[in-house]
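Okay, here's what each chain looks like letter by letter:
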Amino acid sequence: MNLKEELINRIAQDKIDFNVGIKLLLEDTECNFNELFSTLKNHIINSIPNKTDYNSEAYQKALSTIPLKSTFTPIVILKNNPTKIAFNKLAVLPENENKKTITALLWIFKITDTERRNTECKNGCGHFWHELE
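Now for a description of the structure that goes with this document. (Residues numbered from 1 in each chain as written. Predicted model: local features only at pLDDT ≥ 70, side-chain atom pairs only at ≥ 80, totals over all residues. Heavy atoms only, no water.)

## Notes on the packing of helix H1 (residues 3-12) against helix H3 (residues 33-47)
The criterion, for reference: With axes taken as lines fitted to C-alpha atoms, and helix axes fitted only over the stretch in contact, angles between N-to-C directions fall between 0 and 180 degrees. Here a helix means four or more residues in a row that DSSP labels H or I, a strand means two or more in a row labelled E, and each is numbered from the N terminus. Relative orientations are named as follows: roughly parallel for angles under 35 degrees, roughly antiparallel for angles over 145 degrees, roughly perpendicular for angles from 65 to 115 degrees, and oblique for any other angle. It is the rotation of the near helix from the far one that decides the hand of a crossing: anticlockwise by less than a right angle makes it left-handed, clockwise makes it right-handed. Whether two residues touch is decided by their heavy atoms; if any such pair falls within 4.5 Å, the residues are in contact. Three classes are used, and their members are as follows: Ala, Val, Leu, Ile, Met, Phe, Trp, Tyr, Cys and Pro are nonpolar, Asp, Glu, Lys and Arg are charged, and the others, Gly among them, are polar.
Where H1 contacts H3, the two axes come as close as 11 Å, and the packing angle between them is 50°. One finds that H1 runs oblique with respect to H3. The handedness of the crossing between H1 and H3 comes out as right-handed. Counting all contacts with H1, which are made through Lys 4, Glu 5, Ile 8 and Asn 9, the residues of H3 involved are Leu 36, Thr 39, Leu 40 and His 43. Tallied by class, the residues present in the contact of H1 with H3 amount to 3 nonpolar, 3 polar and 2 charged.

## A short note on the nonpolar core
Basically, it comes down to this: Throughout this description, the term nonpolar core refers to a set of buried Ala, Val, Leu, Ile, Met, Phe, Trp, Tyr and Cys residues connected via side-chain atoms within 4.5 Å. Here the term buried applies to any residue with accessible area under 20% of the maximum for its type, exposed to any over 50%, and partly exposed to those in between, with areas from a 1.4 Å probe on protein chains only.
Formed by 35 residues in total, the largest nonpolar core has its most connected members in Leu 78, Phe 87 and Ile 108. Among the elements of the structure, H1, helix H2 (18-27), H3, helix H4 (57-65), helix H5 (73-80), helix H6 (83-91) and helix H7 (98-118) are those that each provide at least two residues to this core. In terms of residue count, H7 provides more of this core than any other element does, 8 residues in total. The contacts of Leu 78, once residues within four sequence positions are left out, are Tyr 59, Leu 63, Ile 66, Ala 86, Phe 87, Leu 90, Ala 104 and Ile 108.

## Some remarks on H6
Test applied: The arc in question is the one traced by the directions running from the helix axis out to the C-beta atoms.
Along H6, the positions that sit buried rather than exposed are Thr 83, Ala 86, Phe 87 and Leu 90. End-on, the buried residues of H6 take up no more than an arc of 100°, which puts them together on one face. Where the residues of H6 are buried, they touch H3, H4, H5 and H7.

## Re the environment of Ile 75
Relative to the helices and strands, Ile 75 resides in helix H5. Sequence separation between Ile 75 and Leu 90 is 15 residues; the distance between their C-alpha atoms is 9.5 Å. With near-sequence residues (within four places) excluded, Ile 75 lies in contact with Ile 66, Leu 68, Lys 69, Ser 70 and Ala 104.

## What to know about the packing of aromatic side chains
Definition in use: What counts as a ring pair is set by centres within 6.5 Å for rings of Phe, Tyr and Trp (its six-membered ring), and what kind of pair is set by the plane angle: stacked under 30 degrees, edge-to-face over 60, tilted for all other angles. Two limits define a charge over a ring: the Lys NZ or Arg CZ must be within 6 Å of the ring centre, and within 35 degrees of the ring normal.
Applying the stated criterion across every chain, the model contains 2 aromatic pairs. Here Phe 18 and Trp 107 contribute two aromatic rings whose centre-to-centre distance is 5.0 Å and whose plane-to-plane angle is 90°, an arrangement assigned as edge-to-face. Here Phe 18 is found in helix H2, whereas its partner Trp 107 is found in helix H7, with 89 residues between them in sequence. We note Lys 100 situated over the ring of Phe 72; from NZ or CZ to the ring centre the distance is 4.6 Å.

Right, dumping it as structure tokens:
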């Protein structure tokens, strides 16, 4: 796990406040949108239990609670498209949408991974990233 992945997991596990964590990610001079986007997309897909349509109660809860205006383009895309299609559309948005996209995806991962930790992983799971100190 690299430092960005560790930071993402610490944010998801409330070991770092979400607002502080997103600021750390976005203000990093080495922040690469495509790399960060790919990491978050993979983390989200792996944290959602229903691999058929990637739609779960936790995913829907995450979409409805993203801490951004519901009219922002990334949020509209996420709410109005199936998950995989939404991710494809997010990947090609103009650069001025990058921060909103990363914020939305980090929030979704935080919610979906919390649900997984509280259900599937409740009694231990062997995921080394769930054992961060």
